[in-house]
Structures are given as structure tokens and as C-alpha cells.
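# Structural overview for review
The lines below spell out each chain.
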Amino acid sequence: MDFSFSSDQQLLKNSARAFLDEHVKPAQVRLLWDDPRGESEALWKEMAQLGWLGLALPEDAGGSALGLVETAILQEELGRAACPSPYLSTVLAAMAIDRFGSPAQKSRWLPAVAGGGARATVALMERALDWSPQSIETRAEERGGKVALSGVKQFVPWAHVADVILVPALSGSTPAVYVVEASAPGVSVTPLTTLDPGTRVAQVTLDGAAVAAEAKLPADALAFLLQRGAVGAAAEMLGAARRCLDMAVEYAKVREQFGQPIGSFQAIRHKCAEMLLEVENSHAATYYAAWALASGAEDGALAASVAKSYVSDASRKVCGDAIQVHGGIGFTWEYDLHLYFKRAKALEPLYGDAEHHRELIVRRVAS
Amino acid sequence: MDLNLSPEDRAFRDQARAWFQRNVPRAELKTLEERRAWHRTMYDAGYVGMGWPTEYGGRGATPMQQAIAADEMARANAPAPINGLGVGFIGPTIIIHGTPEQKQRYLRKILTAEEMWCQLYSEPNSGSDLASLRTRAEDRGDHFLVNGQKIWTSGGHIADWGILLARSDPGVAKHKGISCFLFDMRQPGVEVRPLKQITGSSEFNEVFMTNARAEKRDLIGRLGQGWEIAQTTLGFERGGNSMARVTRYASAFDRLVDAAKKIERGGKPLLEDPVVRAKLGNVYAEMEVQRYAALRVLSALQKGASPGAASSITKLSYSEFEKRYYELCLEILGPYGQVTDGGLEETTLDVDSSSGVRSSWAYAFLWARAGTIYSGSSEIQKNVIGERVLGLPKEIRADRVAKA
Ligand SMILES: Cc1cc2nc3c(=O)[nH]c(=O)nc-3n(C[C@H](O)[C@H](O)[C@H](O)COP(=O)(O)OP(=O)(O)OC[C@H]3O[C@@H](n4cnc5c(N)ncnc54)[C@H](O)[C@@H]3O)c2cc1C
């Protein structure tokens, strides 16, 4: 039993940290916040070259066939940098196509994702704000050998830059996940402006959007997407929280009031200790879940829900407390703390919010 | 990263599981003698003092195997071994700092629980600030004369021996004048008065020492080395058993769910109430996180890392969680959670608490208040984490200023 990273995993983490420290500094994040697309083509191509986009994809698709732990390591670093990027949604969709897709779907999308030529996303939310298959309102109807999709998907991450969107819909009462090209007629994307400009979301309207009858993944893909999305989001939130903790501790060592560093006041020191506790627990929750899903452990789905619900609350508290430790400067736009505070917050409702995952936990353990 | 048990550890687990299933006592153990007999059975099977070196009667087991055994013990609802302080940290202290004669005289009887041990550290005016302790040990040539009072002494009423911190030199800085002794509790001059706890039971005591003796041969380490010794041994108190602790929480959770099916509110079982479900989901997630964190600590221990100040994070985390956990259980159970006798069977009997005693929800709830006080209160743990893990500046303290 070994909970620590292997040397390869540690190397991946270090090199990702070095790359992002160099190329995704807070100043770059701010430039992308102001950019209409919100992400950088050059950065995306570099991620492809570094092997990040194909990390968990098979080698014959140009990937490196690594697992969810490695993906989580990268996502933690991306969260730590508050890097604006459709990384999570793209990798998630690609993993689902890899697991459930037909050979044709795989060859169409996986090499394109791994090579940086395609972005993808998943449309898991609707008006009902419930991630269960029963509450899906989007319909899939057979029309002359094709399928027409109709419905409205809410808060779809990075839909405005996606080439392909995974769309859960009901055909009769049978759920499936449809693989929809964003350029197909009948698909329209309306971007929203939200609290974190580094996590773009959009409303996706399907107005009889036509897809080939075979362009779908089985219903199991739905739970797969929710679980792995949950762990990916937890990893990013963990990264954001760790960054805030580090900034708070550094600040508490140097900022002086009443003739002494504020870190010598227990009110501040104890807050920092609690933040560390939350961050370490979040680390355990995130990587346990990543490992459990990757290795097919029987509690993988449970662990994913544990991670998402726990880390949502923990990261909100840690990032918020970091602002408190900083005082007024922490409330300014110029100071970088809010980049991470907002990143953690923006991920709370995506891939199942804490409430939903707690309900999933209860269904599993208290039936 | 690989959280699977190694084949050897899996084999060990299966063996331990089978052993506990076969041997766990069917009837409740009421007297100390019955508990000692069960302790002895576990010892003979190799499940007590597993981490001790083989030359002193242990089996030199890895941290993982110790955790597995403790976990299986909890899973089988087995009564805990006795002499926990002796086996858990006084014995290991003697192994590290003791003389060959001390090892010969004391170690085996600690393991077999033939002699029971207690910890004589805290005093009425010296709790968190332990180094300010005032109990005196005066060198009288052939022995030390001990005068003073200890308090909160767990198991003092059944102890044959105690590990004692006393001031041997009042003339030097407070940390430097303390020595550590193995101390005979069954001598004239030692009076033990039980204190009744908020649980209603009396597991801790006041101990008055009036012209009592500590023998020269029972000094541990050097004169004046007591503080240092106490520091190394406090580390033993926290650590390897947190997996078993979570197993006990989990077994309580199952009881909670059973009760939530039976108890109704507004004509429906509590388990169908969305507010209750949200709370259950929340607390279950926290409990699982405690388990993952325990695995992480165990994996570090297994690699030979010494947890050091980081063990403060573990202690703070589980003790604060335990408080929230049983608070929430009682909140969900409402008045049923407060019944200690009578009422619904589901809500009164056999709930696990981290003290190892199976009793009522009310008992577990009350006992949970202890964990954030003993072995360094939560506030002290946060000081340690802040200063020694995060490297934050030390607080300005009156005693440090005075000495500077
Ligand atoms: C169930 C139980 C069993 C015990 N068993 C034993 C035993 O077997 N042997 C033994 O020797 N002792 C034992 N103890 C005693 C225990 O170690 C002490 O209670 C503990 O060290 C706290 O000391 P105190 O009670 O004097 O509280 P105090 O030290 O007076 O603390 C009171 C409050 O002040 C806070 N405080 C103190 N100093 C600071 C600081 N620097 N910064 C911030 N806050 C501070 C504390 O956190 C606490 O909230 C036991 C206690 C309990 C509850």
C-alpha cells in the first residue's frame, strides 16, 4: 500500500508546475480573462506537445495511456495556476469516447484531441439542476435514419470553443449520451458571463440538431462522466486551495501589525493550521478517488462523490480564509488571490454539486 | 501510488480476520479479570504489542500490519486490549531510554497486562503548559522523595505502576529541571481518588503523593532529561490506530442508518427526509476522508517516515471530526439519541465510541469531548502546526519573554 506519488508522477507534477509558473503567470491569466475566447490557442498546442491532452488516451491515438491519478496531478497544477483552459472538459469527453465509443468515434476524435486539434465538452446540466438520468428533458427522436436532438443544456463548460459536445438525451425513456458536432445545424451556443472568467460556460440549445443514429455512447457513460468530472474538478479546487494557503502563510510571515508578524497572532496562526488540515484532507480525498476509479476499486463511485462534496466545501473555506488573512489587500482586483478563490467557486456547481453528490453517497450507503 | 494491500498484508489480514471471528468473546466482559484474560488471549496470538521488537516480546510488525490487526479487531467488535498506555507508549519509552535492568523487570509484564500502568504527567496547574509542573523529586541519596499532586490520571485507580514526571531541580530553566521515573503506585504515600467524568463513569483520577519513594534504579534516562523523554514518547500516542478508529465510526454509522429507518418525523422515516439525507451524506463523506487520510499517514509510516509535527494534523483532524460526528448523530436522532436506558433498541445499545467502550449514543457523544483536550488540546495542536509545519513565527509568550 503506497499513497505517495511514484517518481514518474512526481516528475510530471514538477514539470507541470515549472511550465505553468513560467507560461501561465497571473498576468497571463488576466489577459485570458479579458480575451473573448478566454483561452489561448498557443497554450493549447503546447499542452498537446507536452503530452497533457493525450495523457490518459491510448498510444495508438497519440496518447501516453496513463491514468486518472496522472490526470488529477495535472489538474491540480492547472487549478493552482488558475489556468483558463477547456482542459478538464476536453479530457473528460475524450476519456468517455475512449471507454465507450465505437472504433469510428475513437479514430475521429481521440487523435484530434491528443494532437491539440479538437476541443470537447460535456453537457451534463439542465434546467432541473439535477444530474440524474430521470431528470433529463432533452429528447432524441429518430428521423429518417438520423436522430434529432431537442432541448436546452445549461452551464456547459467551454461550449463556445468546443468542436464536439457530449449530450445526454432520452430516446423514449432510454438515456444515452450523443456525440454532437458543435457545427451541426440546430446547435446554438450562447456564452454567459460569470464570476470566474477563467471557467467559461454557455447555454447550448439543440433545436432538432441532427446526428447520425450511431453517434452515441451507452447510458453508462453518464455516470462515468459525472464521476470523473467530479474528481477532475476536485483536483483543480485542491490546487487553487493549496495556492491560497501558500500565499496566506507567506503573507502572515511578513506582514506586521502591532509590532509583530500577524502570523504570531493565534487567530491567524490557527486559521492557517485549519486551512492546512483542509488542504491535506482534500489531497487525500482527491487522490484516493482518482486511484479508486482508475484501479476499478469497488468504492470508486462513492469516493468520487466524497471527493467532490468534501473538496468543494474545503476549498471554498480555505480560499475564503486566505482573503481574511490578507485583510484589505486580499479584496483588491490587483492582488492575485481572487483568481484562485474564483476558480474554486466556479467548479462547485459543475460535475454534480455537493448536494447532489451527498445524495448519491446516501443512496449507496444507506439503502 | 497504489492503495492495494500487498499479497503478504492481504494474507495477514485474512488470518487476523479469521482469528478474531473465531475468538472474539461472545459475552460482555464485565470485570478487570475477564478483560485481562481476553487481553492475554490476544497477546498469546500475537496481537498485542505487535510493533515491539521480538527480543522484548513483540513481533516487530510493520505499521501496516499493526493497523490491519487493530482494524480487524474493530471490525469484529472485539473488546480492546487493556493497559493501552503501557503497551502503546510507556513500554516503547522504556525500550528506547531504559536500562537493561528496567527492560528485564518491566517490559514483559506490561505486554501481558500482569502489571497495569498509568501516566502521571498533568497537574492541577500544569496542563497544556506541562513543563511548569511542580511535583518534586528530591534526591535522598538512595532514593528520590516524591511530593505533589497529579490529576486526570487515566486508569490510576487500577494501576500498579506509573510513568512520572517530577521536578528534580527547581533551580534551572523549567524544561531542564524535570526528570522521568517509573513509579510504584502501590506504596504508602500514594493516594488515588477517582474523579467522576461527564460520562458518569470514573476512568480518571487525582493522585496525591506524600513522601512517596521513587527508586534510583527507576530513573529513566539521565537526571534532568525528563522533558526530552516526554517529548519523544508523546509521539507514540498519536499515529497508527486511526484506521481502526474509522472502522468504529463506520459501524456506528450503520447503527445510525438503522435508527433513521425506524424513527419517524412527520409520518415518514427520518431516512426519507431530504435534510437528514443531506446531513448523512455530509458526515459520511467526512468519515471517508478520515479513512483516506489515515491510509496516507500509514503509507508514510510504512516507508519509515517519522510523522513528527505532522501527526498534529491527524490528531486535530480526527478529534474535531469525532466531535462533529456524534453531535450530528444526536441531532438526527433527536430525543432518542439521548436515551441511555430503555426506549428503542436501535437507539440505545452497543454504539461504538473511540474510547473502545460500546455503550449509548449519549456516551459516545459525551466521550467525543475528551479527544480535543487530551494529548495536547486542539489549540495546542494548531500552535504546533502553525509553528513547526507551516513555519509561522512563534507567539510572544510571557514565560519566554521573562527568561530571555
Ligand atoms: C479523558 C482525559 C484523560 C486524560 N488522561 C490523562 C492521563 O492519563 N495522564 C495525564 O497526565 N493527563 C491526562 N489528561 C490530561 C490532559 O493531558 C490535559 O487535560 C490537557 O493537557 C489540558 O490541560 P488542562 O486540562 O490543564 O487545560 P489547560 O491547559 O488549562 O487549557 C484550558 C484551555 O486553554 C487552552 N490553552 C492552553 N494553553 C494555550 C495556548 N498556549 N494557546 C491557546 N490555547 C491554550 C486549551 O486549549 C484549553 O482550551 C487527560 C485528560 C482527559 C480529558
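Here the structure is a predicted model, which means the values were calculated and not measured.

About the thresholds
Residues numbered from 1 in each chain as written. Chains lettered and ligands numbered in written order. Predicted model: local features only at pLDDT ≥ 70, side-chain atom pairs only at ≥ 80, totals over all residues. Heavy atoms only, no water. Helix = DSSP H or I, 4+ residues; strand = E, 2+ residues; numbered from the N terminus. Buried < 20%, exposed > 50% of the residue type's maximum accessible area, 1.4 Å probe, protein only. Contact = heavy atoms within 4.5 Å. Areas by Shrake-Rupley, 256 points an atom, 1.4 Å probe, with all protein chains shown as cover. Lys, Arg positive; Asp, Glu negative; His and termini not counted. Charge placed at Lys NZ, Arg CZ, Asp CG, Glu CD. 1 Å grid on protein atoms, 1.4 Å probe; cavity = no way out; pocket = protein on both sides within 12 Å on 5 of 7 lines; lining within 4 Å. Points joined across faces, edges and corners; volume = space filled by probe spheres on them. Nonpolar A, V, L, I, M, F, W, Y, C, P; charged D, E, K, R; others polar. Salt bridge = Lys/Arg side-chain N within 4 Å of Asp/Glu carboxyl O. Domains from an automatic or database assignment. Buried area = accessible area lost by both parts, 1.4 Å probe. Polar contact = N/O pair within 3.5 Å; in protein donor to acceptor, adjacent residues only side chain to side chain.

## Digging into the overall build of chain A
Secondary structure assignment for chain A yields eleven helices and ten strands. Once the C-alpha set of chain A is aligned to its principal axes, its extents read approximately 80 × 50 × 40 Å. Going through the 367 residues of chain A one by one, you find that 61% of them count as buried. A fraction of 75% describes how many contacts in chain A between residues 6 or more apart in sequence connect residues 24 or more apart. Counting only carbon and sulfur atoms, one obtains 54% of the accessible surface of chain A, whose full area is about 13,600 Å². Of the charged side chains in chain A, 34 are positive and 43 negative, and the gap between their average positions amounts to 3 Å.

## Describing the layout of surface pockets
Of the voids in this model, the second largest pocket is the one considered here, and its volume is about 980 Å³. Tyr288 and Asp299 of chain A together with Asp71, Arg75 and Arg291 of chain B are the residues nearest the centre of the second largest pocket, which is lined by 32 residues in total. Residue assignment for the lining of the second largest pocket shows that the elements contributing at least two residues are helix H8 (266-294) and helix H9 (300-326) of chain A together with helix H1 (7-23), helix H3 (63-75), helix H7 (242-262) and helix H8 (274-302) of chain B. Taken together, the residues that form the lining of the second largest pocket break down as 16 nonpolar, four polar and twelve charged.

## Brief notes about the pattern of salt bridges
Throughout the structure, instances matching the rule amount to 53 salt bridges over all chains. For the salt bridge of Arg213 of chain B with Asp142 of chain B, the shortest nitrogen-to-oxygen distance reads 3.8 Å. Of this pair, Arg213 of chain B sits in strand S7 (residues 204-215) while Asp142 of chain B sits in the loop between strand S2 (136-139) and strand S3 (143-154), and the two are 71 residues apart along the sequence. For Arg213 of chain B, a relative accessible area of 33% corresponds to the partly exposed category. In the salt-bridge network here, residues are joined through shared partners; they are Asp313, Arg316, Lys345, Glu348, Glu355 and Arg358 of chain A.

## Examining the domain arrangement of chain A
Residues and elements named next belong to chain A. For chain A, the assigned domains read domain 1 (7-118), domain 2 (121-218) and domain 3 (221-366). Relative to domain 3, the C-alpha centre of domain 1 lies at a distance of 21 Å. With 25 residues of domain 1 in contact, the opposing surface of domain 3 contributes 31 residues. Where domain 1 abuts domain 3, roughly 2,500 Å² becomes buried across the two surfaces, and 66% of that area is made up of carbon and sulfur atoms. Taken together, the connections running from domain 1 to domain 3 amount to two salt bridges. With a closest N to O distance of 2.9 Å, Asp336 and Arg30 form a salt bridge. At the boundary of domain 1 and domain 3, one finds nine residue pairs in polar contact (both at pLDDT 80 or more). For the side of domain 1 that touches domain 3, the secondary-structure elements that each account for two or more residues are helix H2 (26-34), helix H4 (68-80) and helix H5 (87-100). Looking at the side of domain 1 that touches domain 3 element by element, the count peaks at nine residues for H4.

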